[in-house]
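# Structural features, examined
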Amino acid sequence: MHVRCPEKLAGETYRQVLELLAGLSAVVQALPPSAALVELKGALRYHGTTPQHLGEILRLRTVAQLGVDVRVGLGPTITVAATASARITGPGGVLAVDPERAADWLAPLPVAALHGIGPRQAALLRRYGIHAVGQLAALPTATLHRLLGATMGRRAADRARGIDPRPVTPRLLPASTAVRHTFPRDTHDGAAVRSALLGLVVQLALQLRRRGQAARALTLTLSLADGTGWEKTRRLPEPSAHEDDLRTGAYQLMDAAGLQRARLTGLALKGDDLIGAGRIAQQISLDRTREARLVAEDTMDRIRHKFGPDAVGPAAAMPARRAS
């Protein structure tokens, strides 16, 4: 299954579409910012239905829950499914190609419609009288090699015949994400550096929560005025997207640098080994202070959603934000 959204989606909406896909199949490959691939073999056995029905279920859910009507292409290979989704007119729809007749379905299409054929390649093929995918499939291998090169020629011929061995590679969201701060001038002011780092913690934590992800490790990178750098990674006790947890880890990394009077030009904080927030075991906490901070964090997130990411945050981080 190849799922294509009619337009580029906001990051949060795209993540929600991926979550709906994950509810249908365990094998989902994100193709940001507006498409995804889904392996349906196991899903069909699990749901006991047809690809067409699963495609219609997906459309119904995305429209009802997100207000997004998707185009769903179904076929025996990535190329066929992606070509099918692109042939759908209108904001959304489902087009299923019979695996036994994939090559016949492709044959009358213009070469430019075949997924993987770019505008320049299509123009070159048309210049030599190759206007349909079926003509491309019938060309001798040697001729395609001369026109498109050995690798691309072989790949184009296979895909025109409905052959594409590529598997769907599970990938929902990036495995890491980073935020950066550059100082307006070299600095060795410890307070300014700590303020900038806190600002990065707030940005990173907010980004992770909006994505519905959590970091299992943090990497701090420091850029020094002499052109050198320092980098260190530390695993967190538990996966988290909360400012308190990320701040503790980030400060430990900064302390480990032992820079003393070294002059910095910038720093970067990266959340590594990310996982979905839904995979984190929720444990009952007896720490009332922490629970109060989590409630406050949720309230601040709602304020940021309404008024912007800089509407509220730690006072100590504000100078760093202005300097950015």
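Residues numbered from 1 in each chain as written. Predicted model: local features only at pLDDT ≥ 70, side-chain atom pairs only at ≥ 80, totals over all residues. Heavy atoms only, no water.

## Describing the packing of aromatic side chains
One pass over the full model with this rule turns up 0 aromatic pairs. Its guanidinium or amino end placed over the ring of Tyr251, Arg194 lies 4.5 Å from that ring's centre, counting from NZ or CZ. (Phe/Tyr/Trp six-rings, centres within 6.5 Å; stacked < 30°, edge-to-face > 60°. Lys NZ or Arg CZ within 6 Å of the ring centre and 35° of its normal.)

## A look at the sheet that holds strand 5 (residues 93-96)
Backbone-to-backbone hydrogen bonds pair the strands of a sheet. The strands run either parallel or antiparallel. What the 5 strands build is an open sheet, ordered 2-3-1-4-5; its pairing is mixed. Because the sheet does not close on itself, it has two edges, and the strands there are strand 2 (28-31) and strand 5. When strand polarity is set aside, the average angle formed by the axes of neighbouring strands in this sheet is 15°. Sitting on the sheet, helix 3 (residues 51-66) is in contact with strand 1 (2-4), strand 4 (71-74) and strand 5, with an inclination near 165° to strand 5. The sheet strands contacting helix 4 (residues 78-87) are strand 1, strand 3 (35-38), strand 4 and strand 5, and the helix crosses strand 4 at an angle near 145°. (Pairing = 2+ DSSP bridges. Helix = DSSP H or I, 4+ residues; strand = E, 2+ residues; numbered from the N terminus. Axes fitted to C-alpha atoms, helices over the stretch in contact; angles between N-to-C directions. Contact = heavy atoms within 4.5 Å.)

## Observations regarding the environment of Arg126
By the element assignment, Arg126 lies in helix 6 (residues 119-127). Along the primary structure Arg126 and Ala112 are separated by 14 residues, whereas in three dimensions their C-alpha atoms are 9.3 Å apart. In this structure Arg126 touches Val111, Ala112 and His131, once residues within four positions along its chain are discounted.

## Digging into the pattern of salt bridges
Applying the stated criterion to the full structure yields 9 salt bridges. A salt bridge links Asp104 to Arg101, with the shortest nitrogen-to-oxygen separation between them at 3.7 Å. We classify Asp104 as partly exposed; its relative accessible area is 47%. Put simply, Arg216, Arg235 and Asp273 are held in one network by salt bridges that share partners. (Salt bridge = Lys/Arg side-chain N within 4 Å of Asp/Glu carboxyl O. Buried < 20%, exposed > 50% of the residue type's maximum accessible area, 1.4 Å probe, protein only.)

## Re the side chain of Gln29
With respect to the element layout, Gln29 can be found in strand 2. A distance of 2.8 Å separates a polar atom in the side chain of Gln29 from the backbone nitrogen of Thr169. (Polar contact = N/O pair within 3.5 Å; in protein donor to acceptor, adjacent residues only side chain to side chain.)

## A look at the packing of helix 10 (residues 190-211) against helix 11 (residues 243-257)
Interhelical geometry of helix 10 versus helix 11 gives an angle of 140° and a closest axis separation of 9 Å. With respect to their mutual orientation, helix 10 and helix 11 come out oblique. In the packing of helix 10 onto helix 11, the handedness of the crossing is right-handed. Touching Val193, Arg194, Leu197, Leu198, Val201, Val202, Leu204, Ala205, Leu208 and Arg209 of helix 10 are Glu243, Leu246, Arg247, Ala250, Tyr251, Met254 and Asp255, all from helix 11. Among the residues forming the contact of helix 10 with helix 11, the class breakdown is 12 nonpolar, no polar and 5 charged. (Parallel < 35°, antiparallel > 145°, perpendicular 65-115°, else oblique. Left-handed = near helix turned anticlockwise from the far one by under 90°. Nonpolar A, V, L, I, M, F, W, Y, C, P; charged D, E, K, R; others polar.)

## Side note on helix 6
Given 3.6 residues per helical turn, the α-helix brings residues three or four places apart onto the same face. All of the buried residues along helix 6 are Ala122, Leu124 and Leu125. Down the axis, helix 6 shows its buried residues gathered within 160° of arc, on one side only. Opposite its buried face, helix 6 presents the exposed residues Pro119, Arg120 and Arg127, each directed more than 90 degrees away. Those residues of helix 6 that are buried are in contact with helix 7 (133-138) and helix 8 (141-148). Remark: Gly129 follows helix 6 within two positions and exhibits a positive phi of approximately 85°. (Arc of directions from axis to C-beta.)

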